[in-house]
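Residue-level listing of the chains:
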Amino acid sequence: MIDAEDSEWSAIADVWAELWGSFADPSRGVVIDATGIGPGSRVLDVGCGSGEFLAMLGTLGAEAAGIDPARRMVEIARAAAPAADVRVGAAEELPWPDASFDVVTAFNALQFAEDTLDALAEMHRVTAPGGLVAIVNWAERDRNDLDAIDTAVAAAEGDEPTPDGELRREGGVAQLLADGGFEVVSAGLVEMPWEAPDAKTLLRGVLMGEDADIVSEIAPVVLAAAESFRTETGAYRLVNAFRYAVARRPAAAR
Ligand SMILES: C[S@@+](CC[C@H](N)C(=O)[O-])C[C@H]1O[C@@H](n2cnc3c(N)ncnc32)[C@H](O)[C@@H]1O
């Protein structure tokens, strides 16, 4: 399981870090505010990718830990946040003892877990009673310019776009947390712009990981679909949205 994820995400880890590493920043700020992370907070970021949130935690004086199944992602994250405890592994099997963290986060990652409920159970286990979990995921397709491009590509290939899953819909993340035994304390929507300075970068970002022959075949479709997002300078600005929910692991009964 981990090896399969490793080949896929490790192969694109460097371009991910370059073009998408900061993408989640608006939602990272919202989660920091909503959870009150500060000096001494013990925080685990599940599916930490290239480690931008871990680096942010370091600047706040928090004790950061991260986990990701992609070995190359972990290498980049360790370089980005040298003080953090970054491990190779999956959300479904977290290698930390019970109640190790005050806050556990997952940005744009939980949808990749093979079993979302197993992952959530593990996040619950490693969160201290009274601690918080924050889950952030893409909102429904209609809110995302990136999904407009994805829909055009699917149509060109004679496919339907992937329908919105539960995590994307309003209330979906909060419901998942409630079902997982947490008390939801806040939830909302965050605007998530992504910018590419030119067409070449747009294609590198949108078609990350695709073979060269597929890129040359699909590039015209992507560029046509992205035309309405092109700015006067020739850059592209895609506005998207993430949904988040923050929830508390109930304190142990007295
Ligand atoms: C879209 S990236 C997001 C990375 C980072 N959280 C961010 O917001 O920039 C998804 C990440 O989830 C990781 N991932 C895939 N399967 C996973 C699993 N089962 N458990 C935890 N992380 C997983 C990938 O390796 C990848 O780094």
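Residues numbered from 1 in each chain as written. Predicted model: local features only at pLDDT ≥ 70, side-chain atom pairs only at ≥ 80, totals over all residues. Heavy atoms only, no water.

A surface patch of negative charge is lined by E157, D159, E160, E210, D211, D213 and E217. With respect to the helices and strands, the residue E157 is situated in the loop between α7 (145–156) and α8 (172–179). (Patch = residues over 30% accessible without salt bridge, like charges linked within 9 Å, V, L, I, M, F, W, Y side chains within 5 Å. Areas by Shrake-Rupley, 256 points an atom, 1.4 Å probe, with all protein chains shown as cover. Salt bridge = Lys/Arg side-chain N within 4 Å of Asp/Glu carboxyl O. Lys, Arg positive; Asp, Glu negative; His and termini not counted. Charge placed at Lys NZ, Arg CZ, Asp CG, Glu CD. Helix = DSSP H or I, 4+ residues; strand = E, 2+ residues; numbered from the N terminus.)

Bringing the side chain of D145 into the picture now. Summarising the element assignment, D145 is placed in helix α7. The buried charged residue D145 lacks any salt bridge, with R237 as its nearest oppositely charged partner at 7.4 Å. Apart from the residues within four sequence positions on either side, D145 is in contact with F229, R237, L238, V239 and N240. (Buried < 20%, exposed > 50% of the residue type's maximum accessible area, 1.4 Å probe, protein only. Contact = heavy atoms within 4.5 Å.)

Below, the discussion takes up the confidence of the model for the protein. In the predicted model, the protein carries a mean pLDDT of 95, and the fraction of residues at 70 or more is 97%. Summarising per-element confidence for the protein, the mean pLDDT is lowest in helix α1 (residues 2–11) (74) and highest in strand β1 (residues 42–46) (99). (pLDDT = per-residue confidence, 0-100.)

As a further point, take the pattern of salt bridges. Applying the stated criterion across every chain, the model contains 15 salt bridges. The salt bridge partner of D102 is R42, with a shortest N-O separation of 2.8 Å. Of this pair, D102 sits in strand β4 (residues 101–107) while R42 sits in strand β1, and the two are 60 residues apart along the sequence. Since its relative accessible area comes to 28%, D102 is described here as partly exposed. Taking the relative accessible area as the measure of exposure, R42 reaches 29% and is therefore partly exposed. Taking the shortest distance from any N to any O, the salt bridge between D98 and R125 comes out at 2.9 Å. Of this pair, D98 sits in the loop between β3 (85–88) and β4 while R125 sits in helix α6 (residues 116–126), and the two are 27 residues apart along the sequence. Residues participating in the shared-partner salt-bridge network are R141, D147, D150 and R168.

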